[in-house]
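Survey of secondary and tertiary structure
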Amino acid sequence: MTNSHNLSALKEWDAQCQLLTTGRLSLLLRKGGIMETHDGFEVEHRQFLLYPTFLHQNAAELQPDYQPLLRPDPAPGQIVLPALAEVAAVQKVESLEAALRLEPLQALTAGAIERRFYYRNRPWIHALLLRVRPLSAPLTLTETPDLLGCVSWVPLGEMKVETGEAVVTENELQARRQELERLLRA
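We now turn to the structure provided with this report. Every value quoted in this text rests on a predicted model; they were computed, and no experiment measured them.

**Comments concerning the environment of Asp 14**
Considering the arrangement of structural elements, one finds Asp 14 in helix H1 (residues 14-22). Counting along the chain gives 41 residues from Asp 14 to Leu 55, while the straight-line C-alpha distance between them is 9.0 Å.

**Structural notes on the nonpolar core**
Generally speaking, nonpolar side chains in soluble globular proteins are found buried as a group. Leu 27 and Leu 102 are the most contacted members of the largest nonpolar core, which totals 29 residues. Contributing elements (two or more residues each) for this core: H1, strand E2 (27-30), strand E6 (78-93), helix H2 (96-101), helix H3 (110-117), strand E7 (125-142) and helix H4 (170-185). For Leu 27, the contacting residues outside a window of four places in its chain are Leu 20, Leu 102, Leu 105, Gln 106, Ala 127, Leu 128, Leu 129 and Leu 180.

**A few points about the packing of aromatic side chains**
Note on aromatic pairs: each is described by the distance of the centres and the angle between the planes. As enumerated under the stated definition, the model contains two aromatic pairs in all. Taken together, a centroid distance of 5.1 Å and an interplanar angle of 75° make the contact between Phe 48 and Trp 153 edge-to-face. Note that Phe 48 is positioned in strand E5 (residues 47-53) and Trp 153 in strand E8 (residues 153-162), a separation of 105 residues in sequence. Taking the relative accessible area as the measure of exposure, Phe 48 reaches 0% and is therefore buried. For Trp 153, a relative accessible area of 12% puts it in the buried group. When the ring of Phe 117 is compared with that of Tyr 118, the centres are 5.0 Å apart and the planes differ by 85°; the resulting orientation is edge-to-face. What makes Tyr 118 partly exposed here is its relative accessible area of 41%. Looking at Lys 92, its charged tip hangs above the ring of Trp 124, at a distance of 4.9 Å from the centre. Seen from the ring of Trp 13, Arg 116 lies directly overhead, with NZ or CZ sitting 5.3 Å from the centre.

**Re the pattern of salt bridges**
One pass over the structure, following the stated rule, counts ten salt bridges. The partner of Arg 30 in a salt bridge is Glu 12, and the shortest N-O contact between them spans 2.8 Å. Of this pair, Arg 30 sits in strand E2 while Glu 12 sits in strand E1 (residues 2-13), and the two are 18 residues apart along the sequence. Exposure remark for Glu 12: the relative accessible area of 3% places this residue in the buried category. A salt bridge links Arg 131 to Glu 86; the nearest nitrogen and oxygen atoms lie 3.1 Å apart. One end of the pair, Arg 131, is in strand E7; the other, Glu 86, is in strand E6, and 45 residues separate them in sequence. The exposure class of Arg 131 is buried, given its relative accessible area of 16%. The structure contains a network of salt bridges with shared partners spanning Glu 86, Arg 131, Arg 133 and Glu 170.

Thresholds, definitions, all that
Residues numbered from 1 in each chain as written. Predicted model: local features only at pLDDT ≥ 70, side-chain atom pairs only at ≥ 80, totals over all residues. Heavy atoms only, no water. Helix = DSSP H or I, 4+ residues; strand = E, 2+ residues; numbered from the N terminus. Core = buried A, V, L, I, M, F, W, Y, C linked by side-chain atoms within 4.5 Å. Buried < 20%, exposed > 50% of the residue type's maximum accessible area, 1.4 Å probe, protein only. Contact = heavy atoms within 4.5 Å. Phe/Tyr/Trp six-rings, centres within 6.5 Å; stacked < 30°, edge-to-face > 60°. Lys NZ or Arg CZ within 6 Å of the ring centre and 35° of its normal. Salt bridge = Lys/Arg side-chain N within 4 Å of Asp/Glu carboxyl O.

From the geometry alone we can't say anything about function, so treat these as descriptive.
This is the structure:
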């Protein structure tokens, strides 16, 4: 499938990008990258490229099963974007208890979830369920100053990307969505 869009990339830990791109997980818990609108909250971009970052990856905040995915940057000076993600569902979670129930569905430890939940003294977090399609060929960009820094989103401009099939079937993604909703209601 070929998409030509004005695309942005979402910076996320490399280990998380690996989990999303292989379909092991479909859920990200995020504090940044969400806009508050008069209709509630909205992900700034409904479709975006995954931008694996190695900065700030923290083994202590990654569940033990996923720690073997931590690695040094394989291509210093370059950014390798592996996949296109589409937001299938987004939930604002305003209860720490509910956020912690999501631990099995994503890669962060309970302590990391709690830290993100209370970040900047604003007690909430967003749960993003993503449909991920690997790029037919990873997109490699040269690292430039405008791509660096502690920001969630990196605007890339008009781009044409070719993707393969989603790494998780629609039925499996819907099952993951139902489990997300069940845990948030529990």
